[in-house]
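# A structural walkthrough
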Amino acid sequence: MIVNKPLVLTYLYLLIYILLSSGVILYNKWVLSPKYFDFPFPITLTMIHMGFSGAVAFFLIRVFKVVSPVKMTLEIYITCVVPISAFFAASLWFGNTAYLYISVAFIQMLKALMPVATFIMAVMCGTDKARCDVFLNMLLVSVGVVISSYGEIHFNVVGTLYQVTGIFAEALRLVLTQVLLQKKGLTLNPITSLYYIAPCSFVFLCAPWYVLEKPGMEVSQIQFNFWIFFSNALCALALNLSIFLVIGRTGAVTIRVAGVLKDWILIALSTIIFPESTITGLNIIGYAIALCGVVMYNYLKVKDVRASQVPENISDRIAKDWKLEKKSLDTFTPNNSSDNNGGGGGGNISSSDMNVDEEAPLIPSSRLSHFGRTQLSK
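Residue positions within a chain follow its written sequence, with the count starting from 1. For this predicted model, a pLDDT threshold of at least 70 governs which residues receive local features, and a threshold of 80 or more governs which side-chain atom pairs are given and counted, while totals over whole chains, interfaces and linings are taken from all residues. In computing side-chain properties, one takes all heavy atoms of the structure into account and sets aside hydrogens as well as water.

## Re the overall build of the chain
Only DSSP runs of H or I covering at least 4 residues are called helices, and only runs of E covering at least 2 are called strands; the numbering of each starts at the N terminus. The helix and strand inventory of the chain stands at 13 helices and zero strands. Burial classification: accessible surface area is computed with a 1.4 Å probe over protein chains only, and a residue below 20% of its type maximum counts as buried, one above 50% as exposed, and the rest as partly exposed. When burial is assessed residue by residue, the chain has 41% of its 378 residues classed as buried. Only heavy atoms matter for contacts: two residues are in contact if any of them lie within 4.5 Å across the pair. For the chain, the share of sequence-separated contacts (at least 6 apart) that also reach a separation of at least 24 residues comes to 85%. All accessible areas in this document rest on Shrake-Rupley with a 1.4 Å probe, and a residue is counted as covered only by the protein chains that are shown. Working note: accessible area of the chain is about 20,100 Å², and carbon and sulfur atoms make up 68% of it.

Set out below in structure tokens:
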């Protein structure tokens, strides 16, 4: 039996990503929950993550030269990185605060609203158009989340509002990343993102920390265990690095499928690790309905990419080939087959046009996993 080592390595990276993503969420819940480690300061925990990740990213880029920094000007930093960092800090702040009020399982169910929030923000920012088919999918997701919320035994309004606000902050961050950075021609991988965004997010968190958490930390008896916080921040950093590895070997479709699998695993694990996270039948039904809408939304997005790229590329190629053939016939000389107006130019055009991949903004086509190719070929 021949073992496909690249394929095995790809699935190993996906497994590491799923385990780390689930582990960080469960670890944060354990640290923040009053029933366990009892460190009810989510902004402080987020600042520890940002400070640690920013410092490690600095050493990886500036000292060890693992990744090259992008060309960042002061104008780009102020107009792009600063607003993105602000919403990134807000999403982490609100998301971590939700752990104090609601269960991990219910948080994952609420996260099904992410495509809804992203679509709304994209339409508001003008990067996407309101469409009937997408709207119906978003309606299906919303109905599923409402049913799941109705079936939640320990429903908490404050925790739900924190989580939903964090979801919309993250959605706006994603849209701003597309609007601001991509228009500037900048592409940030997880390491360079941490290098530029983590320190700025840390600064944004200082103001709410000083107002909301600093007074409480001065009064209460804080359990500060260095190894707990160090390992927690290390897990958060490892998650970002695993995303870097997964993106390098797969693509958007595979990561979306892995994310859905991770959510189900996380819901199951949370009920085992945290017994108070009780799941009802109505929770499962609602989440399944919402998940159907998410899957359909992902399918429509991939279908849109294929429809916008493939026909255009084929027509462009036919037009270019026709012009090239006409030009070759007009200038053809039997004794000069290497003329610049002949086959040489055609070869370059052909090779550049053929090198088209639906996930090209993320990775080279040669790095698509077998799973990603299967999803795209359907």
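Let us keep going from here.
## Here we look at the environment of Met121
If you trace the backbone, Met121 turns up in helix H5 (residues 114-125). C-alpha separation for the pair Met121 and Val175, spaced 54 residues apart in sequence, amounts to 6.8 Å. In this structure Met121 touches Phe168, Ala171, Leu172 and Val175, once residues within four positions along its chain are discounted.

## What about the side chain of Thr118?
Position of Thr118 among the secondary structure elements: in helix H5. If near-sequence neighbours (up to four positions away) are discounted, Thr118 is found in contact with Ala171, Leu174 and Val175.

## Describing the nonpolar core
By nonpolar core is meant a set of buried Ala, Val, Leu, Ile, Met, Phe, Trp, Tyr and Cys residues that side-chain atoms within 4.5 Å join together. Ranked by size, the top nonpolar core spans 75 residues in total, and within it Val31, Val104, Ala112, Val141, Val145 and Leu205 carry the most contacts. Among the elements that take part in this core, helix H3 (residues 74-97) stands out by supplying nine residues, more than any other. Setting aside residues no more than four positions away along its own chain, Val31 makes contact with Phe37, Asp38, Phe39, Leu45, Ile228, Phe229 and Asn232. If you look at the next biggest cluster of nonpolar residues, it comprises eight residues, including Leu14, Tyr17, Val24 and Ala258.

## Details of the packing of aromatic side chains
Given two aromatic rings, their pairing is described by the distance between the two centres and the angle made by the two planes. Each Phe, Tyr or Trp ring, with Trp reduced to its six-membered ring, pairs with another whose centre is within 6.5 Å; inter-plane angles below 30 degrees give stacked pairs, above 60 give edge-to-face pairs, and intermediate values give tilted ones. Counted according to the given criterion, the structure contains 19 aromatic pairs. Seen in terms of ring centroids, Tyr101 and Tyr162 are 5.9 Å apart; in terms of plane orientation they differ by 15°. Their pairing is stacked. In this pair, Tyr101 sits in the loop between H3 and helix H4 (104-110) while Tyr162 sits in helix H7 (residues 157-181), placing the two residues 61 residues apart along the sequence. The exposure class of Tyr101 is partly exposed, given its relative accessible area of 37%. On the numbers, 6.0 Å between centres and 85° between planes, the contact of Trp227 with Phe230 is edge-to-face. Remark: Phe230 and Trp227 occur in helix H9 (residues 226-249); sequence separation between them is three residues, near one turn of the helix. Trp227 gets classed as exposed once you look at its relative accessible area, which sits at 61%. A relative accessible area of 30% places Phe230 in the partly exposed class. Among the aromatic residues, those joined into a ring-pair cluster are Tyr27, Trp30, Phe37, Phe39, Phe41, Phe224 and Phe229.

## Focus: the confidence of the model for the chain
Here the chain averages 79 in pLDDT, and 80% of its residues register 70 or above. The weakest mean pLDDT in the chain belongs to helix H13 (residues 370-377) at 32; the strongest belongs to helix H2 (residues 42-63) at 95. What pLDDT conveys is the predictor's confidence in a given residue, as a value from 0 to 100. Confidence drops under a pLDDT of 50 for residues 320-378, and excluding neighbours within four residues, the segment shows 63 contacts in the predicted structure.

## Some points on the pattern of salt bridges
Throughout this description, the term salt bridge denotes a Lys or Arg side-chain nitrogen within 4 Å of a carboxyl oxygen of Asp or Glu. A full pass over the atoms with the stated rule returns four salt bridges. We note a salt bridge from Asp133 to Arg131, for which the minimum N-O separation is 2.7 Å. What makes Asp133 partly exposed here is its relative accessible area of 31%. Its relative accessible area of 27% is what places Arg131 among the partly exposed residues. Where Asp263 meets Lys262, a salt bridge forms, and the shortest distance between an N and an O atom there is 3.3 Å. Summarising the burial analysis for this pair, Asp263 and Lys262 share the class buried.

## A few points about the packing of H2 against H9
With axes taken as lines fitted to C-alpha atoms, and helix axes fitted only over the stretch in contact, angles between N-to-C directions fall between 0 and 180 degrees. Where H2 contacts H9, the axes come no closer than 9 Å and their chain directions differ by 55°. Regarding the angle of H2 to H9, the classification is oblique. Of the two possible hands of crossing, H2 and H9 adopt the one that is right-handed. Here Leu45, Ile48, His49, Phe52, Ser53, Val56 and Leu60 of H2 come into contact with H9, specifically with Phe229, Phe230, Asn232, Ala233, Leu234, Ala236, Leu237 and Leu241. In this count, Pro and Cys sit with the nonpolar residues alongside Ala, Val, Leu, Ile, Met, Phe, Trp and Tyr, while Asp, Glu, Lys and Arg are called charged and the others, Gly among them, polar. Its residues assigned to classes, the contact of H2 with H9 comprises twelve nonpolar, three polar and no charged. An angle below 35 degrees is treated as roughly parallel, one above 145 as roughly antiparallel, one from 65 to 115 as roughly perpendicular, and anything else as oblique. Note on convention: near helix rotated counterclockwise from far helix by under a right angle means a left-handed crossing. Clockwise means right-handed.

## Some points on unusual backbone geometry
Residues other than glycine seldom take positive phi values, yet Asp38 does so here, at roughly 60°. Relative to the helices and strands, Asp38 resides in the loop between helix H1 (5-32) and H2. For Lys65, which is not glycine, the phi dihedral falls at a positive 55°. Given a relative accessible area of 58%, Lys65 falls into the exposed group.

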